[in-house]
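# Coordinates in review
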Amino acid sequence: MSATLFLMAMAAFAAPVSGTARVHGSGDPVAGLTLRVDGADAGVVTDARGRFNLDLPEGEHELLFESIDYERVEVTLSVPVAEPVDVFLEPTTGYEVVVESFRETANTTRHVVDAEMALETPGTLEDSVRLVQSLPGVSVQREYSPGQADLSVRGSSPGENRYYLDGVEVPYLYHFNQYASVFPTNQIDTLELFPSTFSSAYGDAVGAIIDARSVQKRPDALHGGVGVSTVMVSGSVLAPLKEDGGWWVSASGRRSYADLASDATAQYPIWPIFGDFSARAGKGSEDRSVQLFAWGANDAYARAAGELDLLDPAEAQVAPSFEYHRGFQVAGVQVRRATEQGSREHVFAYVHDRLRGELTSNGSELLEESALTHRTRVARTLHDGLRLEGGGELRAGMTRLAVVDPGFDAALVSSEAPALARGVPVDASLGRVSGALHGEAHLYNQRLRFMPGVRLPVDSERLLLPEPRLAVRWRAGEQTALKLAGGWYQQLPRTEHLFERTDVLSATTSWQASAGVEQTVAGRLELNLDTYAKELSHPWVVPPDAPIFAVDKGHAWGVELVARYRLRETFFVWSWLAVARTFTQAEAGGELVPASGDQPISAGVVASWTLSHGWNIGFRWRYGSGLPYTPADGSIYDAGRDQWAPLYGAVNSERFPAYQKYDLHIERNIALRRWSLALYVEGWYVPKRSAQLYPTWNYDYREQGWVMGPTFLPLLGGRATF
Amino acid sequence: MLLSILSLLACQSPFGTDRHHLEGFRVAAARAVPDADGWSVSAALVVDGHLWSDQAVALRWYALPDRAALATLSVSAPADAEGPVAHLSGATVGVGLIATGPAGDERRVWLEPSTTAIALRDVTVERVDGVTVDALTAEDLTVDARSAWVGTPDTSVPAGGAATLTAVTEGDTLRTARWMEIGEPGELLEIDGTRSSWLAGSILVDGEEVLERTIAAPGPVSLLVLALGEAGGTDFRAEELWVGPPSQGLFTASGRWIGVEPAVDADAVRGTLVADDAAPTGLALTDAVAFDPLLEPLDPWGTEALPCVGVSGPFDPSWLLDGRCVRADLIGRVVGVSR
């Protein structure tokens, strides 16, 4: 019997039955779902909004809802029914193997993090950027140590990396210097790390590139959620403004709440407050879209400038405090278009970044930058075997730096107010225009892909040379690929370092090369072996209490072995072992010494299982050789102030003990009809011999000790989404 | 400095010493006094935890443009002046000192001299009755609470008791006084720029909770006080007080305590210097007799014959504090002391 005759027969003595099919846990409508009645061969199909309508004769009927993507549901109805029938379906468990290797990109070494991994990897506190710290090539830093916010990738110094969100450079990565990144995870779709030898699409960096993309998929229905963790609350909403096509909007925000619950202390007169927000409005499809966006972050606190415990009571009463405010706002528009032949993307944005630090004793710093930025990316396949990619970027900004009355106490706040600590009074503004044109050709056949490229940078500060790039990928077999990449890279100091200089500015340049093998086993298990080498000329050194200066050279090399396996939404594991060295000079003409990110051995394992009934268990282990630091070797006693100024020993001549950390994450997702609830508990364990956060010295710097972090810490959190 | 909320859980290992306690080899203070054509420079030296030494400390003084120059200065660089109580000619932005102790330890000191001098004339000690270490709470130790303690002038403090110390200066306004003690017999808790509490014992507090109390042993306690003037001048002075009843035969010589045997009640006493490691000055006077210096016109004090001073006047135990005299050269010398 055909579907039409069946329905006509049913309609003869029928009562109307209507309803909606939805996904259990989110309430999303399920379109294209087949509904069969009483075992009939044919049935009706739900529409784009998950609705169905049919007429059934009085009496009992069996309705069967089925789809390959959902568990089948059988409903027994007694017709007539008084209300619409809402049916909720469970998605079937997928076994999609995700293979990251063999991507045809000139960024031959590439690590990808997506939201699923960020949410389910322990120790990351749902923070995408923290997950980057579990990737090979990224120095394993001590959790909550002062240096943790400074990503060192393949030995790079923190200032040598660049971070982007949707094509706009992010002024800073972390709240409160280290706790949580400024990217809310639920807004991030993917985050890519290019540790070195990146393509011509990126520049003004001799370190690494982190390029994050936000979620830009049009929602089918209203979604949102709230979350709470040990230190933050968050909320988000995502909704279509029209049901069929048209604009959609999203907004999210996070805020710390300890300041609401805690009283100010002598050490923290203003308890730390931080938050971030994101708002978007978009229209279109994957092929053609426009999006308006605004996002930003802010941090504020006041702390005692020194360690009050080390001061006598009268000193502690009058000890200066330091008030810190930092925040940035970005607003812009993104336009995308994609066809079978190619794609095009334009991003225009306005960026405002402001830092203000003030000591109550004397000294303040104001660093403020406003910039208009533009980035264009174009890709086009001319014919089979030739593809061109290119684009350009431009940044025009004005930076103002005002350092007033720097005094003796300024050295205490060098990490938060570096210009104040450098001690050079200044009140000036500096305009700067920079940008680049870049192009890349992909010449390929079934086996070989040859990708030469060039980047033509420009900067109002000085003339820059073209930067050649080359990447080659060769599919040696169905499951094996060899890759080579190299190039020449340039980077100028950031604008805020230019105010104190009167001499000619030089660029840091770097020759970089990498080679590797990608091997899959049975199409599932990925094994990657990467090697790299970098040679730097005139790298910049940013001391905490003196103007920036250049040394002659530095170099880095390493070998990284990675194993990876992933079943989407079910299981992922990766492990790595890296052997690497990074050297630089402490002063021009001096001997090479270990760089701050020099970590001879690092290793780790990350695994996550999504079990039945909504359970998820994750485990992470990381190990890293101790990072170097410069010891204090006595002091000079300033008899007029009765204070001691440290005399430092050989740069980076001492090392922290090796570091290990274990993280365990247990989460239960409870899917209700139109919303779901996730509750998690995490625990971290750091062996006591690894629990040093940073060295500290007694009053005259002749006795060194360690500030120890916690060895065990439980964390709780939860989120509700609809 | 910790910037993370969660890292507030971190704890810090305690150090063996803090700046209040004078131990080992240390330059505890320095001063530069303007004179006719430059500066008279000297330093307060602590050697092996004493305000005296049996061996000389090598002191090399330099006129330098900034502190950074001192940091990179070679110890073999020719000094502009050497020795204790040296003279630097002419004007200078800063004074650098490289002190090398008897064991070869080196200390570097920086001082920016000021033409506006400050003089630390006296240190008053007032015993605070009714305050004992055994009964103190964290609330009692606040600056406001200790500021209200009422004392009686007395350089003797009962074991477990408390005293208020006050620096008395002349010349420039006192910006702040720094207080130090030899060893760790007690505990110094500053009140303000001129005063400090001193406990004849110690108390360890964590927040509102008292974790530990100790009582000081009877005996002499040496204090070193540094005065920092508003204009940048400095001065220093040693002072003694006694935990418990003071022993017999104590003589205050030029403000410093020295044991005298036998006890002599006179304004001027002559005797033979002997070593006494337990004494604050490292010295005691034996075969002591009263004498009238006016009746002995030729070096009545015996100090002209001392190789380290060669001046006429009462013997001053503080000559060991700035290193101009070493104890070994004074043993067996007959000198006179005056109140």
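Residues numbered from 1 in each chain as written. Chains lettered and ligands numbered in written order. Predicted model: local features only at pLDDT ≥ 70, side-chain atom pairs only at ≥ 80, totals over all residues. Heavy atoms only, no water.

It is worth spelling out the overall build of chain B at this point. In terms of regular secondary structure, chain B is built from 3 helices and 25 strands. Since a compact globule built from 339 residues should have a radius of gyration of about 20 Å, the 21 Å found for chain B is in line with a globular shape. Taken over the C-alpha atoms alone, chain B extends approximately 70 × 50 × 35 Å along its principal axes. Counting only residues that meet the buried cut, chain B has 53% of its 339 residues in that class. For chain B, restricting intrachain contacts to residue pairs at least 6 apart in sequence, the fraction spanning at least 24 positions comes to 63%. Put simply, chain B shows about 13900 Å² of open surface, and 52% of that area lies on carbon and sulfur atoms. (Helix = DSSP H or I, 4+ residues; strand = E, 2+ residues; numbered from the N terminus. Rg over C-alpha atoms; globule rule 2.2 N^0.38 Å. Buried < 20%, exposed > 50% of the residue type's maximum accessible area, 1.4 Å probe, protein only. Contact = heavy atoms within 4.5 Å. Areas by Shrake-Rupley, 256 points an atom, 1.4 Å probe, with all protein chains shown as cover.)

This brings us to the overall build of chain A. Assigned secondary structure in chain A consists of 6 helices and 43 strands. Taken against the 2.2 N^0.38 rule, which gives 27 Å for 722 residues, the C-alpha radius of gyration of chain A at 29 Å falls within 12% of a compact globule. In terms of its C-alpha atoms, chain A occupies a principal-axis envelope of roughly 105 × 65 × 45 Å. By residue count, 55% of the 722 residues in chain A fall in the buried class. Within chain A, residue pairs in contact and separated by at least 24 positions form 63% of the contacts whose partners lie at least 6 positions apart. A total accessible area of about 30100 Å² is found for chain A, and carbon and sulfur atoms account for 58% of it. Both charge centroids of chain A, one from 64 positive and one from 88 negative side chains, sit 5 Å from each other. (Lys, Arg positive; Asp, Glu negative; His and termini not counted. Charge placed at Lys NZ, Arg CZ, Asp CG, Glu CD.)

Okay, the state of the cysteines next. Residues and elements named next belong to chain B. According to the stated counting rule, one finds 1 disulfide over all chains in the structure shown. The disulfide partner of Cys-308 is Cys-325, and the gap between their sulfur atoms is 1.9 Å. Residues Cys-308 and Cys-325 are joined by a disulfide whose S-S torsion is about 85 degrees; by sign, that bridge is right-handed. Separated by 17 residues along the polypeptide, Cys-308 in the loop between β24 (283-290) and α3 (327-330) and Cys-325 in the loop between β24 and α3 bring together distant segments of the chain. (Disulfide = S-S within 2.5 Å.)

A contiguous patch of positive charge on the surface is contributed by Arg-288, Arg-337, Arg-344 and Arg-380 of chain A. Within the secondary structure layout, Arg-288 of chain A lies in strand β17 (residues 288-304). (Patch = residues over 30% accessible without salt bridge, like charges linked within 9 Å, V, L, I, M, F, W, Y side chains within 5 Å. Salt bridge = Lys/Arg side-chain N within 4 Å of Asp/Glu carboxyl O.)

With that settled, the discussion passes to unusual backbone geometry. Phi is mostly negative for residues that are not glycine, and the peptide bonds are mostly trans. Pro-80 of chain A follows Val-79 of chain A through a cis peptide bond whose omega is 5 degrees. By secondary structure assignment, the location of Pro-80 of chain A is in the loop between β6 (70-79) and β7 (85-89). A cis amide bond, omega -5 degrees, links Glu-261 of chain B with the succeeding residue Pro-262 of chain B. Mapped onto the secondary structure, Pro-262 of chain B falls in the loop between β22 (256-260) and β23 (268-275). For His-613 of chain A, which is not glycine, the phi dihedral falls at a positive 60 degrees. Within the secondary structure, His-613 of chain A is located in the loop between β33 (601-610) and β34 (615-624). For His-613 of chain A, a relative accessible area of 64% puts it in the exposed group. Positive phi is not limited to glycine here, since Asp-642 of chain A has a value of about 55 degrees. Residue position: Asp-642 of chain A is located in the loop between β36 (632-638) and β37 (643-648).

The next point concerns the sheet that holds β7 of chain A. All names here are of chain A. Taken in spatial order, the 3 strands line up as β4-β1-β7 in an open sheet, and their pairing is mixed. Two strands lie at the open edges of the sheet, namely β4 (51-57) and β7, each paired on one side alone. Neighbour-to-neighbour, the strand axes of the sheet open up by a mean angle of 30 degrees, direction not taken into account. Here strand β1 (residues 14-23) runs beside β4; their pairing, made up of 7 bridges, is antiparallel. (Pairing = 2+ DSSP bridges. Axes fitted to C-alpha atoms, helices over the stretch in contact; angles between N-to-C directions.)

Here we come to the sheet that holds strand β25 (residues 334-338) of chain B. Strand pairing in a sheet relies on backbone hydrogen bonds, with the paired strands running either antiparallel or parallel. Residues and elements named next belong to chain B. Read across the open sheet, the 5 strands follow the order β21-β22-β24-β23-β25; overall the sheet is mixed. The outermost strands of the open sheet, each flanked by one partner alone, are β21 (250-253) and β25. When strand polarity is set aside, the average angle formed by the axes of neighbouring strands in this sheet is 50 degrees. Looking at chain direction, β23 and β25 are connected through 5 bridges and run antiparallel. Each bridged residue has a counterpart across the sheet, and for Arg-270 the counterpart in β25 is Gly-336.

Attention now goes to the packing of aromatic side chains. Taken as a whole and assessed by the stated rule, the structure comprises 25 aromatic pairs over all chains. A centroid spacing of 4.9 Å and a plane angle of 80 degrees characterise the contact between Trp-644 of chain A and Tyr-699 of chain A, whose relative ring orientation is edge-to-face. Here Tyr-699 of chain A lies in the loop between β41 (692-697) and β42 (704-708) and Trp-644 of chain A lies in strand β37, a separation of 55 residues in the sequence. Seen in terms of ring centroids, Phe-315 of chain B and Trp-319 of chain B are 5.6 Å apart; in terms of plane orientation they differ by 90 degrees. Their pairing is edge-to-face. (Phe/Tyr/Trp six-rings, centres within 6.5 Å; stacked < 30°, edge-to-face > 60°.)

Right, let's get into the environment of Met-708 of chain A. By secondary structure assignment, the location of Met-708 of chain A is in strand β42. Each C-alpha atom of the pair Met-708 of chain A and Arg-622 of chain A lies 18 Å from the other, and the pair is 86 residues apart in sequence.

Next up on the list: a nonpolar patch on the surface. All names here are of chain A. On the surface, Leu-448, Trp-474, Leu-482, Val-517, Leu-529, Trp-557, Val-559, Leu-561, Leu-577, Val-579 and Ile-601 cluster together into a nonpolar patch covering about 860 Å² of accessible area. Here the element with the most residues in the nonpolar patch is strand β30 (residues 553-567); it accounts for 3 residues. Among the secondary structure elements, Val-559 is positioned in strand β30. For Val-559, a relative accessible area of 34% corresponds to the partly exposed category.

So, about the nonpolar core. If you look at the biggest cluster of nonpolar residues, it comprises 54 residues, and the most contacted ones within it are Leu-151 and Phe-183 of chain A. Grouped together as the second largest cluster of nonpolar side chains are 38 residues, Ala-639 of chain A together with Ala-32, Ala-99 and Met-180 of chain B included. (Core = buried A, V, L, I, M, F, W, Y, C linked by side-chain atoms within 4.5 Å.)

Moving on to the side chain of Glu-667 of chain A. All names here are of chain A. Tracing the backbone through its elements, the reader meets Glu-667 in strand β39 (residues 659-671). Looking at Glu-667, the relative accessible area reads 2%, which means it is buried. Only 2.8 Å separates the side chain of Glu-667 from the side chain of His-665, close enough to count as a polar contact. Among residues more than four places away in sequence, those in contact with Glu-667 are Leu-119, Gly-614, Trp-615, Asn-616, Ala-678, Leu-679, Tyr-680 and Arg-719. (Polar contact = N/O pair within 3.5 Å; in protein donor to acceptor, adjacent residues only side chain to side chain.)

A few words on the pattern of salt bridges. The full count for this structure, using the stated rule, is 55 salt bridges over all chains. Close ionic contact of Asp-86 of chain A with Arg-674 of chain A constitutes a salt bridge, the shortest N to O distance being 3.4 Å. Residue Asp-86 of chain A is located in strand β7, and its partner Arg-674 of chain A is located in the loop between β39 and β40 (676-685); the two are separated by 588 residues in the primary sequence. Given the relative accessible area of 40%, Arg-674 of chain A is considered partly exposed. Salt-bridge contacts for Arg-237 of chain B lead to Asp-122 of chain B; the nearest nitrogen and oxygen are separated by 4.0 Å. With Arg-237 of chain B in strand β20 (residues 234-243) and Asp-122 of chain B in strand β10 (residues 118-128), the pair connects residues that are 115 residues apart, well separated along the chain. Taken together, the shared-partner salt bridges connect Arg-162, Glu-169, Asp-204, Arg-494 and Glu-496 of chain A into one network.

Glancing now at the pairing of strand β18 (residues 321-338) of chain A. All names here are of chain A. Relative to β18, β17 is paired through 17 bridges, and the arrangement is antiparallel. Looking at β18, one finds that Arg-288 is bridged to Arg-337. Inspection of the sheet shows β18 paired to strand β19 (residues 342-359) by 17 bridges, in the antiparallel sense. Residue pairing in the sheet places Phe-328 in a bridge with Asp-353 of β19.

Moving on: the confidence of the model for chain A. All names here are of chain A. Of all residues in chain A, 93% have pLDDT values of 70 or greater, and the mean over the chain is 86. At the low end of the mean pLDDT range in chain A sits helix α1 (residues 3-11), at 45; at the high end sits strand β38 (residues 654-655), at 96. Confidence drops under pLDDT 50 across residues 1-11; counting only partners more than four residues distant or on other chains, this segment forms 10 contacts. (pLDDT = per-residue confidence, 0-100.)

Turning to the environment of Glu-58 of chain A, a few remarks are in order. Residues and elements named next belong to chain A. Looking at the element boundaries, Glu-58 is found in the loop between β4 and β5 (59-67). Exposure remark for Glu-58: the relative accessible area of 66% places this residue in the exposed category. Counting along the chain gives 614 residues from Glu-58 to Leu-672, while the straight-line C-alpha distance between them is 31 Å.

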